[in-house]
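Reading the structure
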Amino acid sequence: LSQLFRPLDLLGMVYRTIRQGLIDMEAMYRLIDTQAEIADAPDAPMLHVEAGEVRFDHVHFGYDPEREILHGVSFTVPAGKTLAIVGPSGAGKSTIARLLFRFYDIQGGRISIDGQDIAAVTQQSLRSTIGIVPQDMVLFNDTVGYNIGYGREGATQEEIEAAARAASIHDFIMGLPQGYDTRVGERGLKLSGGEKQRVAIARTLLKDPPVLVLDEATSALDSRTETEIQDVLRTISRRRTTLVVAHRLSTVVDADEIIVMEKGRIVERGRHADLVRADGLYAAMWTRQATEREDMPVEPGIEDMF
Ligand code: ATP
């Protein structure tokens, strides 16, 4: 019976959070997605980010302590570099992204940014350090300008427009009936997947975080939109430490390191060319994807890897 009431509890929690005026995309995400209580340690210091090195050290984690999902995952993303995480569905890719944001506490090991344990610092300082471009962003029922400006409190209209330009969505917005004042979301204009993603990118650009988490869309966008978004993502991940749950070939080919996950373990790691040469799981996935799309040659340019 308690299973039945849990969603209601959660709904109540979400409602109360909204009422308190604390609504925040990340807080919402956490409330909806987790039931565990994450608390700041008493007198927790703020996270101080200089370079932005991200490190997972023998991380063990299960959503349910009885069922471990990550079995000792270790990697380092040097400041400003890009790590691509690939692997079959259910391997634990998104879980890694959630743990970096501390949606959940881990059961073993350590996650740190610039040497500071993320579980020891304030959640507020951790979350202001990391920007997330999710696969499918939920927009607020408000204007498109508000949805972008949400990235940084007090952002001016000029800053909002500059971010929109950088995310290649300014011209689209100017073509809307009321420009930046056009209402979007469930009760307003519905945006396409690509448009929503660009709004998310513009918002992240305003936030200007040193660490970026990208969850690439699995669903295919049309190829022009895809190329445009890839270009913008490449620009924003330059000079920022970036973790990307990768489904696109261009992302994995360009990544400084690729980790291949399978059933909660890193089974291969390296750069694209090394992994193709190693002839293991990555190479097999690569070949399979290529043969599934016979019209595509086995070389950079194939989309929808993994
Ligand atoms: P995909 O490519 O399909 O998104 P993934 O590699 O990102 O998969 P995760 O979402 O990290 O995989 O999931 C890893 C495992 O954790 C899966 O077995 C999944 O069932 C489980 N899992 C994911 N989210 C939760 C949750 N909120 N509660 C319980 N188990 C979960």
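Residues numbered from 1 in each chain as written. Predicted model: local features only at pLDDT ≥ 70, side-chain atom pairs only at ≥ 80, totals over all residues.

The name that an unreviewed UniProt entry assigns to the protein is Xenobiotic-transporting ATPase, with the source organism given as Sphingobium chlorophenolicum L-1.

1. Observations concerning the overall build of the protein
What counts here: The numbering of helices and of strands both runs from the N terminus, where a helix is a DSSP run of H or I of at least 4 residues and a strand a run of E of at least 2. C-beta atoms are placed from the backbone for every residue, and two residues are taken to be in contact when these atoms lie within 7 Å.
Counting its regular elements, the protein contains 12 helices and 12 strands. Across the protein, every contact between residues at least 6 apart in sequence was considered, and the portion connecting residues at least 24 apart equals 70%.

2. Quick look at the site of the ligand
Note the cut-off: Any residue whose C-beta atom, as set from the backbone, lies within 6 Å of a molecule or strand is reported as near that molecule or strand. Three classes are used, and their members are as follows: Ala, Val, Leu, Ile, Met, Phe, Trp, Tyr, Cys and Pro are nonpolar, Asp, Glu, Lys and Arg are charged, and the others, Gly among them, are polar.
Looking at the ligand, there are 11 residues lining it, with Y63, S89, K93, S94 and T95 nearest. No other element matches the 3 residues that helix α3 (residues 93-100) contributes to the shell around the ligand. Its residues assigned to classes, the shell around the ligand shows 3 nonpolar, 6 polar and 2 charged.

3. Considering the packing of helix α6 (residues 157-166) against helix α8 (residues 193-207)
Put simply, the test is: For helices, the fitted axis covers only the stretch in contact; all axes are lines through C-alpha atoms, and the angles between them, taken along N-to-C directions, range from 0 to 180 degrees. Geometric relationships in this document are graded by angle, where less than 35 degrees denotes roughly parallel, more than 145 denotes roughly antiparallel, 65 to 115 denotes roughly perpendicular, and other angles denote oblique. When the near helix sits turned anticlockwise from the far one by under a right angle, the crossing is termed left-handed; a clockwise turn instead gives a right-handed crossing.
The N-to-C vectors of α6 and α8 enclose an angle of 125 degrees; their axes lie 8 Å apart at closest approach. Relative to α8, α6 is oriented oblique. You can see that α6 and α8 cross each other, and the crossing is right-handed. Contacts from E159, I160, A163, A164 and A166 of α6 reach α8 at A202, L205 and L206. Looking at side-chain class alone, the contact of α6 with α8 contains 7 nonpolar, no polar and 1 charged residues.

4. Notes on the sheet that holds strand β2 (residues 70-77)
To keep things clear, this is the line we draw: DSSP calls a pair of strands paired once it identifies at least 2 bridges connecting them.
The antiparallel open sheet is built from 4 strands, whose spatial order is β2-β1-β4-β5. Taken across any chain shown, the strands that pair with only one partner, and hence form the sheet edges, are β2 and β5 (116-117). Where strand β1 (residues 54-61) meets strand β4 (residues 108-113), 5 bridges bridge the pair, whose relative direction is antiparallel. In the sheet register, H60 faces β4, and the bridge partner there is G108. Taken strand by strand, α3 contacts β1, β2 and β4, and its axis lies near 115 degrees from that of β1.

5. Comments concerning the sheet that holds strand β9 (residues 211-215)
Reading across from one edge, β6-β9-β10-β3-β11-β12 is the order of the 6 strands in this open sheet, with mixed pairing throughout. A single partner strand is all that each edge strand has here, and the edge strands are β6 (130-133) and β12 (265-270). Averaged over all pairs of adjacent strands, the angle between their axes in this sheet comes to 20 degrees, without regard to strand direction. Sheet topology places strand β3 (residues 82-86) next to strand β11 (residues 257-262); 4 bridges connect them, and they run parallel. Residue pairing across strands places L83 opposite E257, the latter belonging to β11.

6. Some details on the packing of α8 against helix α9 (residues 223-237)
Between α8 and α9, the least distance of the axes is 11 Å, while the angle of their chain directions is 15 degrees. It follows that α8 is roughly parallel to α9 by the angle criterion. Classified by chirality, the crossing of α9 by α8 is left-handed. Mapping the contact onto sequence places G194, Q197, R198, I201, T204 and L205 in α8 and T225, I229, V232, L233 and I236 in α9. Tallied by class, the residues present in the contact of α8 with α9 amount to 6 nonpolar, 4 polar and 1 charged.

7. Examining the nonpolar core
A general trend in soluble globular proteins is that nonpolar side chains are found buried together. Filter applied, for reference: Remark: nonpolar core denotes a set of buried Ala, Val, Leu, Ile, Met, Phe, Trp, Tyr and Cys residues whose joining runs through C-beta atoms within 7 Å. Once C-beta atoms are placed from the backbone, each residue is buried if 20 or more other C-beta atoms lie within 10 Å of its own, exposed if 12 or fewer, and partly exposed for counts between those two.
Grouped together as the largest cluster of nonpolar side chains are 67 residues, with contacts concentrated most on A84, I85, L100, I148, I201, A202 and L243. In terms of residues, this core owes the most to one element, α8, which gives 6 residues. Contacts of A84, omitting those with residues within four sequence positions, involve V244, A246, T251, V252, A255 and I258.

8. Some details on α3
Of all the 8 residues making up α3, 7 are buried; the element is thus mostly covered by neighbouring parts of the structure. Buried within α3 we find K93, T95, I96, A97, R98, L99 and L100. A positive phi of about 55 degrees marks R102, the residue just after α3.

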